[in-house]
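Topology and contacts: notes
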Amino acid sequence: MSVTPIRRVHTGGDRRISPIFLGITAVAVVSGWAVWTSFASDRGFAVFLFVVSGWIVSLCLHEYAHARTALHSGDTSIAEKGYLTLNPLKYTHAVLSILLPVLFVIMGGIGLPGGAVFIERGRIRGRLRHSLISAAGPLTNVLFAILLMLPFTLGAVGSWPDEFLAALAFLAMLQVTAALLNLLPVPGLDGYGILEPWLSYSIRRQVEPFAPFGLLAVFGVLYIQSVNQKFFDFIYNVMGWFDVQWIYVSYGDTLFRFWQN
């Protein structure tokens, strides 16, 4: 007796852009338009919506970059987990990757790097591929920051609405801080993920227990006044390369905190 084998069809997972992500993007576009045209009766609230929605969009793209690079590096399980849909609710730790960074922006005006796509590293061969997967996220923040700062470089000051430029500058500052913090070679951050494949097995084993506390340690150090000052001086200098005046970042921060005005 012959038995016909059952053919398993591999769908490759869902890769359609999530309606949730499209909705967040729509909020960013509409609120940005409201800031540009002064349509909103409360400009501060419009700036708040624009910055928060734009920040969440960048977080989704950050995680998508990790996932897409992992997919092309050999981890085909990425699509099945829904990471390619840009849906923030599909992340392993949506609270850590979305809610916590947003709260840090609201409370402290600093870009907290997120990280919540689970990558099956055993499927990936080659140290360079592992490093590229870790680098893809913060490099997305770098690209996002450059795009936000380009209007200043191209002479938008004086012709674009000041409130819109202030919102762009503040959001760009968040991207720069997120990229810089995430590229630090600290366990638990992408900077260490770039470096880790090139370290010896014994060093990786010794460092591994500290990974959950790496980000907390970074923020603890940033609470030291002298370190905090040097950190933001560097951020100011980087943004200055693109002709972003700090007065616009400060104005954007003031508008963003509409509840204090």
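Look above for the structure.
Let me begin by describing the structure that accompanies this report. It should be emphasised that the depicted structure is a prediction, and the values quoted were computed from it without experimental measurement. (Residues numbered from 1 in each chain as written. Predicted model: local features only at pLDDT ≥ 70, side-chain atom pairs only at ≥ 80, totals over all residues. Heavy atoms only, no water.)

What follows covers the overall build of the protein chain. Counting its secondary structure elements, the protein chain contains eleven helices and zero strands. The order of helices and strands in the protein chain, counted from the N terminus, is α-α-α-α-α-α-α-α-α-α-α. Over its C-alpha atoms the protein chain spans a radius of gyration of 20 Å, differing by no more than 12% from the 18 Å that the globule rule assigns to 261 residues. Dimensions of the protein chain, computed from the C-alpha atoms along their principal axes, are close to 80 × 45 × 30 Å. Per-residue burial over the protein chain gives 46% buried out of 261 residues. Excluding contacts between residues fewer than 6 apart, the proportion of contacts in the protein chain whose partners are at least 24 apart in sequence is 75%. Entry remark: accessible area of the protein chain is about 13,900 Å², with carbon and sulfur atoms responsible for 66%. Taking the average location of the 17 positive side-chain charges in the protein chain and that of its 14 negative ones, the two points are 14 Å from each other. (Helix = DSSP H or I, 4+ residues; strand = E, 2+ residues; numbered from the N terminus. Rg over C-alpha atoms; globule rule 2.2 N^0.38 Å. Buried < 20%, exposed > 50% of the residue type's maximum accessible area, 1.4 Å probe, protein only. Contact = heavy atoms within 4.5 Å. Areas by Shrake-Rupley, 256 points an atom, 1.4 Å probe, with all protein chains shown as cover. Lys, Arg positive; Asp, Glu negative; His and termini not counted. Charge placed at Lys NZ, Arg CZ, Asp CG, Glu CD.)

The next thing to look at is helix H5 (residues 127-153). An ideal rise of 1.5 Å per residue puts 39 Å on 27 residues; H5 measures up with 37 Å between its terminal C-alpha atoms. The largest bend in H5 comes to about 35 degrees, at Ala136, with the proline Pro138 one to four residues further on. Count one or two residues on from H5 and you reach Gly155, which has phi positive near 90 degrees. (Expected span 1.5 Å × (residues − 1). Bend = angle between axes of the 7 residues up to and from the residue.)

What follows is about the pattern of salt bridges. On inspection of all chains with the given rule, the structure shows five salt bridges. Between Glu120 and Lys81 there is a salt bridge, with its nearest N and O atoms 3.4 Å apart. With Glu120 in the loop between helix H4 (94-108) and H5 and Lys81 in the loop between helix H3 (77-80) and H4, this pair connects stretches of sequence that are 39 residues apart. Its relative accessible area of 26% is what places Glu120 among the partly exposed residues. For Lys81, a relative accessible area of 23% gives the class partly exposed. The partner of Arg123 in a salt bridge is Glu120, and the shortest N-O contact between them spans 2.6 Å. Look at the salt bridges and you will find they share partners, linking Asp75, Lys81, Glu120 and Arg123 into a network. (Salt bridge = Lys/Arg side-chain N within 4 Å of Asp/Glu carboxyl O.)

Time to look at the packing of aromatic side chains. Enumeration over the complete set of coordinates arrives at 17 aromatic pairs. Ring geometry for Phe50 and Phe164: centres 5.8 Å apart, planes at 40 degrees, overall tilted. Of this pair, Phe50 sits in helix H2 (residues 43-73) while Phe164 sits in helix H6 (residues 162-182), placing them 114 residues apart in sequence. For the pair formed by Phe50 and Phe164, the shared burial category is buried. Ring centres of Phe231 and Phe232 lie 5.2 Å apart, and the angle between their planes is 85 degrees; on these two criteria the pair is classed as edge-to-face. Each member of the pair Phe231 and Phe232 is classed as buried. Each member of the aromatic cluster is reached from another via a ring pair, and the members are Phe45, Phe48, Phe170, Phe256, Phe258 and Trp259. (Phe/Tyr/Trp six-rings, centres within 6.5 Å; stacked < 30°, edge-to-face > 60°.)

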